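Given next are the chains, with one letter for each unit.
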Amino acid sequence: MSELIATRIRDTATKLGLLHLAEVVPDLVKRAEDATMGYLDFLDLALGEEAGVKDGRRFRNALKLSGLPHHKTLDDFDFTFQPDLDVRKIRDLATLAFVEARANIALLGPPGVGKSHLAVALAVAACQAGFSVYFTSLDDLVAKLRLASAQGKLGWQIRSYLRPSLLIVDEVGYLPLDRADANLVFQLVSRRYEKGSIIITSNKAFSEWGQVFTDEVLATAILDRFLHHCDVISINGPSWRLKERLSAPDPTPISPSVTE
Ligand SMILES: Nc1ncnc2c1ncn2[C@@H]1O[C@H](COP(=O)(O)OP(=O)(O)OP(=O)(O)O)[C@@H](O)[C@H]1O
Ligand SMILES: [Mg+2]
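Quick notes on the rules
- Residues numbered from 1 in each chain as written.
- Chains lettered and ligands numbered in written order.
- Predicted model: local features only at pLDDT ≥ 70, side-chain atom pairs only at ≥ 80, totals over all residues.
- Helix = DSSP H or I, 4+ residues; strand = E, 2+ residues; numbered from the N terminus.
- Rg over C-alpha atoms; globule rule 2.2 N^0.38 Å.
- Buried ≥ 20, exposed ≤ 12 C-beta atoms within 10 Å, placed from the backbone.
- Contact = placed C-beta atoms within 7 Å.
- Near = placed C-beta within 6 Å.
- Nonpolar A, V, L, I, M, F, W, Y, C, P; charged D, E, K, R; others polar.

Asks: How would you explain the overall build of the chain if you had to name every residue and give the values?
Replies: Assigned secondary structure in the chain consists of 12 helices and 5 strands. Against the globule reference of 18 Å for 260 residues, the chain gives a C-alpha radius of gyration of 25 Å, more extended than a compact globule. Expressed along its principal axes, the backbone C-alpha trace of the chain runs to roughly 75 × 70 × 40 Å. The proportion of buried residues among the 260 residues of the chain is 27%. Within the chain, contacts between residues at least 6 apart in sequence are counted, and of these 82% link residues at least 24 apart.

As structure tokens, then:
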């Protein structure tokens, strides 16, 4: 490739925002020549290279903005440890049709069974697919809404929770909310209803949500909207945390004192 054409391609690619392509054109041309590629294959390769780099960058940005506590995936999840959990159902959810449909997911079960892990794994898949994601505990969510309400900025704060395609609200039920806080959650759930997906994780059955939200009427109104389009996944197996503790070697017994 002549130096003149190489420079012109680099300049044009830069002007068009194809920054990766601008860097790698000489390499791509060499690959194309070595493989005696046709025009269409070469164009496909060049555009695919740029798109791949852009997708990677968008994925990393989405992960950064998501507030996810870690980036564990479904491949990191040992389904044999929860034999009652329907693997196919979870894999279906990972196709993210529920995000397109603005539907919800509830992951219910006792501590350590992998509720947050699965919520995060679905969120990572969503980031990879180009959706925007935001992860929060219910506690943090309520604290932010409460502060915003006190500062007269509730509308703005609620709108910030409407923006992501997928909102994950972790740990519903660990701490009960008073009526005013429950009302803030109700406002958010009603505004997101049929507009954006929510995944919640909870250690409480829906029948106990009246206690979590202090007020049966509010809890029913929240559940009515949330459950209208919702997959409910109950995980009732053992805790992974206990498994790790039980399989850890016994601590070394304390040796008898030499003075005995
Ligand atoms: N089946 C599994 N395979 C691999 N790791 C698992 C599995 N289940 C849980 N874990 C791991 O165990 C730890 C606890 O899981 P997780 O935080 O998802 O539990 P949880 O159900 O959300 O519990 P809690 O109600 O206490 O929040 C995490 O490190 C998670 O990655
Ligand atoms: Mg959890």
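Asks: Explain the site of ligand 1 to me, and be specific about the residues and the numbers.
Replies: Around ligand 1, a shell composed of 19 residues is seen, among which Pro111, Gly114, Ser116, His117 and Trp240 lie nearest. Listed by contribution, the elements that provide at least two residues to the shell around ligand 1 are α6 (115-128) and α12 (240-247). Looking at the shell around ligand 1 element by element, the count peaks at 3 residues for α6. Of the residues contributing to the shell around ligand 1, the split by class is 5 nonpolar, 8 polar and 6 charged.

Any functional reading would require information that these geometric values do not contain.
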